[in-house]
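# Notes for the structure review
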Amino acid sequence: MPEVSDHAGELDGLPIFWRSAPAPGGADASPPPLYLHGVPTNSDEWPVFLARTGGLAPDLPGFGRSGKPGNLQYTIAEYAQFLEQFLDLLEIERVSLVMHDWGVVGLAFAQAHPERVARLVVINAVPFLPGYRWHRTARLWRTPLLGELSMGATTRSVMRFSTREARPGRAPMPDAWLDTVFDHFDQGTQRAILRLYRSSPPDVLAAAGARLGELSMPSLVLWGMADPYIPARFARAYADALGDAELIELPDAGHWPWLDRPDAIDRVAGFLTAADPPRADPPR
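The rules we used
- Residues numbered from 1 in each chain as written.
- Predicted model: local features only at pLDDT ≥ 70, side-chain atom pairs only at ≥ 80, totals over all residues.
- Heavy atoms only, no water.
- Phe/Tyr/Trp six-rings, centres within 6.5 Å; stacked < 30°, edge-to-face > 60°.
- Helix = DSSP H or I, 4+ residues; strand = E, 2+ residues; numbered from the N terminus.
- Buried < 20%, exposed > 50% of the residue type's maximum accessible area, 1.4 Å probe, protein only.
- Lys NZ or Arg CZ within 6 Å of the ring centre and 35° of its normal.
- Contact = heavy atoms within 4.5 Å.

### Some thoughts on the packing of aromatic side chains
This structure, assessed with the given rule, holds 18 aromatic pairs. Between Trp18 and Phe86, the aromatic rings sit 5.6 Å apart at their centres with planes inclined by 75 degrees, giving edge-to-face as the arrangement. Of this pair, Trp18 sits in strand 2 (residues 14-21) while Phe86 sits in helix 2 (residues 76-89); the two residues are 68 residues apart in sequence, bridging distant segments of the chain. Since its relative accessible area comes to 9%, Trp18 is described here as buried. Judged by centre distance (5.1 Å) and plane angle (75 degrees), the rings of Trp46 and Phe49 are edge-to-face. You'll find Trp46 and Phe49 in the same group, each marked buried. The ring of Phe17 carries the charged tip of Arg65 above its face, separated from the ring centre by 4.5 Å.

Right, here's the structure in full:
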């Protein structure tokens, strides 16, 4: 198994943290996976994936050990620009994107720079699609004052209780998961979450995915169907929007499907390392 390493650097004055691992067996011909976490997590989601496939996993601005400046608005467009600058900093031209929840900001980058993306993996991601309406907690966060009060009242015990709905049978999230989230759930992360949700009403989400149909790289949609935050129909909607991508539906998994179905890690790793399909001959 590749060893996962931690890194710290700076991008235009913004402290950034990321993890990396070499490709298994030392192979480096394929574009590395770029793993993008969601809310309220950080790159601590990904070491088990990195150990299987190699690749990179940053803490996005506002989360984990990366900078959380008050001058950012934490919009979809800002995160897409960050990804471009991050890859340029590391002199990486092309990646495969693995996106969970709000890590779907990677799709904004992919639509702007499809030549830099080899493969796409979408896991229980915020829908950049028409017809989505925010879930109950998100509506609370999007409401001025109520969102701030909710954030300020989130203790570790409250987080442990409130996230039980994310798993089938209301099983509690693992203690290690709670530790890695709550250890970094400071005022800067709370501000980033509120600004991200408030800058993203449904029409902005739909507009952010307006060019998904133009993406032609191999794609996988892997979905825990017992997700209380995103209706299961968006799994098929994403697969259709991405040109009939491969779709894996896991009925006994929740919003973080690999916690309920560890074989999901194998599915993602297998897709990332599969041979590219043959290209059709251009019309004569």
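### What about helix 3 (residues 105-112)?
Counting buried positions over the 8 residues of helix 3 gives 7, a clear majority of the element. Regarding helix 3, the residues found buried are Val105, Gly106, Leu107, Ala108, Phe109, Ala110 and Gln111. Where helix 3 is buried, its residues touch strand 3 (33-36), helix 2, strand 5 (95-101), strand 6 (117-125), helix 9 (202-208) and helix 10 (233-241).

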